[in-house]
Amino acid sequence: MCVRTPELSIGNSDVSSIGNGTDAWGWEQVLWFGMGERLRMGLWAPGDPLPASLTEMLDYFRLRGVRPVAYVYPILAFLAGTLPGGASPPWVVHGTYSSSDLATKRLGLGPMRSDLASPALQQWLPKTMRRFADQTGAGGFSFDYTYFEQGSPGGRPWRSQYAQWSGWRAILAALQQPKACAGRQCVVDNRQANHAWGPWMWAEGGTYAEPLQSDEQPGSWMFYEADLKTDRLSANRQRETAWSYRVQSFAPAEVVPGFALHQTDRDVSPAQKNVTAGPGCPRGGGTGRCAELSRRRDFDLLGYRYSLLSAVGTGGANLVLNMLPARDEGEFAAFPAEDVAFFRQWLEWTDRSRDLVASTRVLPSTSRPAAGSLDGVSLLRQDGSCTGAIFAFSPTATPLNLSLALDASLGCSPPHPSSGVPRLLLLRQIGSSDRSEPAGGWARQLLRAGDALALTVPPTTALALELEPFDGASLVAPLVLGAAAGAASLSADGALSLTRVVGEQGAAAELTVLLPPHGPGAVSRATLNGKVVRFDALPPLDGRPPAVRIRGAWAGERFGRAHEIVAAGGFSGGRWTGTFSVPAAVLEQLAARNRSYDLSYDLDPNSNDEANVPWLAPGRLLIWAKYQPLLNDSFNAAGSIDGTPLLMRKAYNTIAPSRARFIGHWADVTRLIKPGVQQTLALQLPPGLKPQGVRFESVESPPGRVYDSKC
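What you see as residue numbers is a count from 1 along each chain, following the sequence as written. It should be noted that, the model being predicted, local features are given only for residues of pLDDT at least 70 and side-chain atom pairs only at 80 or more, the latter also being counted only at that level, while totals for whole chains, interfaces and linings use all residues. Note that water and hydrogens are dropped before the side-chain values are worked out from all heavy atoms of the structure.

1. Remarks on the pairing of strand 14 (residues 442-448)
The side chains of a regular strand alternate, first on one face of the sheet and then on the other.
Then comes step 1: The cut-offs for exposure are 20% and 50% of the maximum accessible area for each residue type, with area from a 1.4 Å probe on protein chains only; residues under the lower value are buried, those over the upper are exposed, and the others partly exposed. Secondary structure elements follow DSSP: runs of H or I no shorter than four residues count as helices, runs of E no shorter than two count as strands, and numbering proceeds from the N terminus. The buried fraction of strand 14 amounts to 5 of the 7 residues, a majority that puts the element mostly inside the structure.
Then comes step 2: The pairing of strand 13 (residues 424-432) with strand 14 spans 6 bridges and is antiparallel. Bridge pairing in strand 14 places L427 opposite Q445. In short, DSSP must find at least two bridges between two strands for them to pair.

2. Describing helix 4 (residues 119-136)
Then comes step 1: Expected helix span is taken as 1.5 Å per residue step, with the number of steps being one fewer than the number of residues. An ideal rise of 1.5 Å per residue puts 26 Å on 18 residues; helix 4 measures up with 26 Å between its terminal C-alpha atoms.
Then comes step 2: Throughout, a contact is declared for two residues whenever any of their heavy atoms are within 4.5 Å. Buried-residue contacts for helix 4 involve helix 1 (36-40), helix 2 (52-64), strand 2 (69-72), strand 4 (112-114), strand 5 (140-143) and helix 5 (161-175).
Then comes step 3: In the stretch just after helix 4, G137 is the one whose phi turns positive, near 80°.

3. Examining the pattern of salt bridges
Then comes step 1: Here, a salt bridge means any side-chain nitrogen of Lys or Arg that lies within 4 Å of a carboxyl oxygen of Asp or Glu. This model, assessed by the stated rule, comprises 25 salt bridges.
Then comes step 2: Residues E510 and R551 are paired through a salt bridge, measuring 3.3 Å at the closest nitrogen-oxygen approach. Of the two residues, E510 is situated in strand 21 (residues 508-514) and R551 in strand 25 (residues 547-554); the sequence distance between them amounts to 41 residues.
Then comes step 3: Given the relative accessible area of 36%, R551 is considered partly exposed.
Then comes step 4: Salt bridges linked by common partners bring D227, K229, R232 and E697 together as one network.

4. Looking at the packing of helix 4 against helix 5
Then comes step 1: In this analysis an axis means a line fitted to C-alpha atoms, helices contributing only their contacting stretch, and an angle means the value between N-to-C directions, from 0 to 180 degrees. Between helix 4 and helix 5, the shortest axis-to-axis distance is 9 Å and the interhelical angle comes to 30°. In terms of axis orientation, helix 4 runs roughly parallel to helix 5. Here helix 4 and helix 5 pass one another in a crossing that is right-handed. Contacts between helix 4 and helix 5 involve L121, Q122, L125, P126, M129 and R130 on the former and, on the latter, G167, W168, A170, I171, A174 and L175. Should an angle lie under 35 degrees it is considered roughly parallel, over 145 roughly antiparallel, and from 65 to 115 roughly perpendicular; all remaining angles are considered oblique. Helix crossings are classified by the rotation of the near helix relative to the far one: an anticlockwise turn of less than a right angle makes the crossing left-handed, while a clockwise turn makes it right-handed.

5. A few points about helix 8 (residues 304-315)
Then comes step 1: For helix 8, built from 12 residues, the straight-helix expectation of 16 Å at 1.5 Å per residue is met to within 8% by its first-to-last C-alpha distance of 16 Å.
Then comes step 2: With 12 of 12 residues buried, helix 8 lies mostly within the body of the structure.
Then comes step 3: Within helix 8, the full set of buried residues consists of Y304, R305, Y306, S307, L308, L309, S310, A311, V312, G313, T314 and G315.

6. With respect to the packing of helix 8 against helix 10 (residues 337-352)
Then comes step 1: The interhelical angle for the contact between helix 8 and helix 10, taken along N-to-C directions, is 5°, at an axis separation of 10 Å. What the angle tells us is that helix 8 and helix 10 run roughly parallel. On helix 10, the residues that touch Y304, R305, L308, L309 and V312 of helix 8 are E338, D339, F342, F343, W346, W349 and T350.
Then comes step 2: Think of it as three bins: nonpolar holds Ala, Val, Leu, Ile, Met, Phe, Trp, Tyr, Cys and Pro, charged holds Asp, Glu, Lys and Arg, and polar takes everything else, Gly as well. In terms of residue class, the contact of helix 8 with helix 10 is built from 8 nonpolar, 1 polar and 3 charged.

7. Describing the packing of aromatic side chains
Then comes step 1: Only Phe, Tyr and Trp rings are paired, with Trp represented by its six-membered ring, and only when their centres lie within 6.5 Å; those with planes under 30 degrees apart are stacked, over 60 edge-to-face, the remainder tilted. This model, assessed by the stated rule, comprises 30 aromatic pairs.
Then comes step 2: Judged by centre distance (5.3 Å) and plane angle (50°), the rings of F33 and F132 are tilted. Taken together, the positions of F33 in the loop between strand 1 (7-8) and helix 1 and F132 in helix 4 put the pair 99 residues apart, joining distant regions of the chain. The residues F33 and F132 share a single accessibility class, namely buried.

8. Some points on the nonpolar core
Then comes step 1: Buried Ala, Val, Leu, Ile, Met, Phe, Trp, Tyr and Cys residues that are joined via side-chain atoms within 4.5 Å together make up what is termed a nonpolar core. Ranked by internal contacts, the top residues of the largest apolar core, which has 57 residues, are W32, L125, M129, F132, F141, F143 and W168.
Then comes step 2: Those elements that place two or more of their residues in this core are helix 2, strand 2, helix 4, strand 5, helix 5, helix 6 (199-205) and helix 7 (230-248).
Then comes step 3: Among the elements that line this core, the one with the most residues is helix 4, at 6 residues.
Then comes step 4: Discounting residues that sit within four places of it in the chain, W168 has contacts with P74, L116, L125, F143, T146, F148, N190, W197 and M201.
Then comes step 5: In terms of nonpolar packing, the next biggest core, distinct from the first, is built from 36 residues, A260, W346, L379 and A462 among them.

Here you go:
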């Protein structure tokens, strides 16, 4: 997997220091590949020599074919006080936005800034950025801290906000010239308030609109449905944002962003409070944000697939990837090969499927992404063939049904020999956020144009589906619909053999096997995974090939995603009890996950916070009480399993506890589970507040391979 244009925000003590910053957020030392402070102070300009430490890094990027994107704040007071007599360029003015004490004391009356409406800045800034890109090989620029202000607090009179908006748009348009960044098109990433600047800014002023319509840090935005996996929360927010751009602002797919994974919480957590002051943390761990405290180990193994499919499906033209397992050496080394392949598969899919991505539309049967509601998009070819892809998402802890008519509402035309519109369509599942699903996908249904596509999306799951033309005359081997099959064959004497077929343990199933036209006239017997099964013959109707149907169930006890522990009797808050039995297959799944993702976590709840983050240490079996509507964290909970007390913790979508980002109460119960034995869970929950459910978490649908045939 290769990301060719990563944003590079580096602190380089050779040239910059947090103590010299003039921005209110405390990040100036990482701007312009670390050269931002010296550029603002007039101590360096593009074309001057770069420090050896930066040159070494840039040379390595060139060797690997990577074009890093520079982080830039465009309104800092560039070259203030550097002209003869201590004068400043005409774009330097006094602003009203909050600033560090240093900026106020060192630069004069109020915080100083650059006026985006200044024609001089509109010439100087893009020229400087292009020269910077030529020298460093930068692939573009990521902009933040871009305020449009109104008023005259001191110094020069202010231009209108519209003049600043128009000036900023002119600056960005200058970067959109061909070959503006080291001989190639610039990647232009806008953050913070970009979503409020309107479609005309998105269309001309950048590569895409702001991904989450806010700062990406989880403390800056609110989720609409609780979930213990932070990447799923981020994905739900991303799809809600994409829906808003697409439906409310009529933004074309070319500028709608996909934001995959999550930004790590930067606030100081309880275990970091006692960190002493140092070069990257001048005030110590008690206040503020510190480079040394930025969490490195924060990858969400069980949530990232949902987020990646969400970004690909609803914003595939502009994939923004965050929190890859590369900042922590342990996560990088342990990342399973199958997950590397999953990433590559979907990044390559967007490259191959640009025509489908450009046609992305909200499914007509769904609404704005919201709690308890299924949402999705279609990416179908514009020729009326009804071929392409469909992505469906369930953000909630219960299965949700999708029914979708393959008609004009999706842009599908009726089949006709002269139009090339296929009579039959094969619906294939090509991706799932559930890591237990077969990597190669599988065939689900055979449909006619005009039929209703019907399927169930499991809890907290993203599905990627493909509709492709089907011609039964071209079948050379039996095709299994309804489950993933390793191999299918039909002998000359009519013996049908299906091997390595997989379904969900304990689930009812109905398999349809389409038969090739050239072979025996009928099936004489059938075996599934080596076991003889009963079947019904299905005649060829409406152009469909002959087929057989096998009905049965996958052996074992069903215990899938978000498995609910049912309360014993009524419950209205206070003491809650329920019984459960965890199959051995669940614990085997957790053990296998720990083997394939061999990463040691500190599970001491009083240590470094890893134990208290529910998306880390994914080999744990968790229970959690989910509330709707969402609560704050002022309530406590207690619990036990078979009389053994539980450590009930409070889950947040932040590492540093934030009352406004409270998810629910949870506990790690891994060591208390007795496989196959009925056990009792007792909870003491907030009085008068009924949970939406008490569920297990970190379980993916255990696959079953033994099939119990039924008549």
